[in-house]
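Spelled out from the first residue to the last, the chains are:
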Amino acid sequence: MNLRTWIKTTFADARSSSAATQVEVQEPKRQSMRIVNGILTLMIVSLLIVPIAFALPQDRSLPQEKTAVVFDQNIRYFEAGQGPAVILLHGMGGVKESWMGNFGALAAGYHVYAIDQIGFGHSDKPLLDYKIATFVDFLYAFMQTQNIGKATLVGNSFGGWIALDFAIQHPSMVEKLVLVDAAGLAWLRPIPELNPSSMAATRTLIESVFYNKKMISDGDVQQVFTDRMRNNDGYTIQRAVAGFATPQFEDAKLASIHVPTLVMWGRQDELIPLASGEKLRDGIRGAKLVVFEQCGHVPQIEKSAEFNRALLEFLGK
């Protein structure tokens, strides 16, 4: 089974397991045309997110994409459900579609948002020096546009770093915190090439994300490489990576977090090792750690059913 077939099967399983409760959503015309014509919805990511191209099943509709104007920039997002607010934060180079294996399950009981963060996906890409503070400011302002006074933040990788820093800067606005293979601590391993500009570098990055390397075909690598240029987020990634040289890490700030926190990790994560998850658990008072076996950097995709169960159990407490 190659990567695209596995992703289709994973998303189909996630859909069928939550079909009874999943909210009905409509698809914009341009997204319908993209699916009808078989164009891949891609997640092109670097070290801190999911370097994978995946094809949505032809019969699966995306939620309607909405727009919020934040600091005069267009932020695109999906929204569904009712109840307490939950905001899903992708990683560097990621897209809101990366949460589609989890979105429906959450929307059954929560008011869930998946956003293209500034500089990525369909959101505007201003020429900024992208720092953690940049993303935190945009998240704060986005919540204001939606009249969200308090929300649970769920962040994967670089998105986890943003959620972590937001909880430190704006504790009264965070109900609960979920850190999924999150960045934000001093690097425990050498940083690989984060902004790949060749087929070989792209394959290396993709293979570092998943537990099962055999799923990745030459076609997957070529599609990721091609869409990487189309996605046009190379400048954002470049400036964000440059910012790693400045003191933004959160190691010394963990004790200041007092919201209920769940840390979720793939045991075989080759990018950010489980030791970082254990440090987050030990540094944040009362934090719990869930480890997924035979899983890499993106348990919300590789282990979506288990991930959804653990997340919903935590949110329901």
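Everything numeric in this text was worked out from a predicted model, so none of it was measured.

## Focus: the packing of helix H4 (residues 132-145) against helix H5 (residues 158-169)
How two helices sit against one another is set out by the angle between their axes and by the gap between those axes. H5 packs onto H4 with a crossing angle of 70° between their chain directions and a minimal axis gap of 9 Å. It follows from the interaxial angle that H4 and H5 lie roughly perpendicular. Classified by chirality, the crossing of H5 by H4 is right-handed. Residue-level contacts link Ile132, Phe135, Val136, Leu139, Tyr140 and Met143 of H4 to Phe158, Trp161, Ile162, Asp165 and Phe166 of H5. Along the lines of polarity and charge, the residues of the contact of H4 with H5 split into 10 nonpolar, no polar and one charged.

## A look at unusual backbone geometry
The residue Ser157 is not glycine, and still its phi comes out positive at about 60°. Tracing the sequence through the fold places Ser157 in the loop between strand S7 (151-156) and H5. Located in the positive-phi region is Gln294, a residue other than glycine, with phi close to 50°. Mapped onto the fold, Gln294 is located in the loop between strand S10 (288-292) and helix H10 (299-302). A relative accessible area of 46% means that Gln294 is categorised as partly exposed.

## A short note on the environment of Thr236
Counting through the fold element by element, Thr236 comes out in helix H8 (residues 234-242). Taking relative accessible area as the criterion, Thr236 reaches 2% and is therefore assigned buried. Taking the C-alpha atoms as reference points, Thr236 and Gly119, separated by 117 residues in sequence, lie 5.7 Å from one another. In contact with Thr236, not counting residues within four places along its chain, are Ile118, Gly119, Phe120 and Tyr130. Polar side-chain contacts of Thr236 include one of 3.0 Å to the backbone oxygen of Gly119.

## As for the sheet that holds strand S6 (residues 111-115)
Spatially, S3-S4-S6-S5-S7-S8-S9-S10 is the arrangement adopted by the eight strands of the open sheet, whose pairing is mixed. For this open sheet the edge positions go to strand S3 (66-70) and S10, each flanked by a neighbour on one side alone. In this sheet, neighbouring strand axes are inclined to one another by 25° on average, regardless of whether the strands run parallel or antiparallel. In the sheet, strand S5 (residues 85-89) pairs with S7 via four bridges, with the strands oriented parallel.

Parameters and conventions
Residues numbered from 1 in each chain as written. Predicted model: local features only at pLDDT ≥ 70, side-chain atom pairs only at ≥ 80, totals over all residues. Heavy atoms only, no water. Axes fitted to C-alpha atoms, helices over the stretch in contact; angles between N-to-C directions. Helix = DSSP H or I, 4+ residues; strand = E, 2+ residues; numbered from the N terminus. Parallel < 35°, antiparallel > 145°, perpendicular 65-115°, else oblique. Left-handed = near helix turned anticlockwise from the far one by under 90°. Contact = heavy atoms within 4.5 Å. Nonpolar A, V, L, I, M, F, W, Y, C, P; charged D, E, K, R; others polar. Buried < 20%, exposed > 50% of the residue type's maximum accessible area, 1.4 Å probe, protein only. Polar contact = N/O pair within 3.5 Å; in protein donor to acceptor, adjacent residues only side chain to side chain. Pairing = 2+ DSSP bridges.

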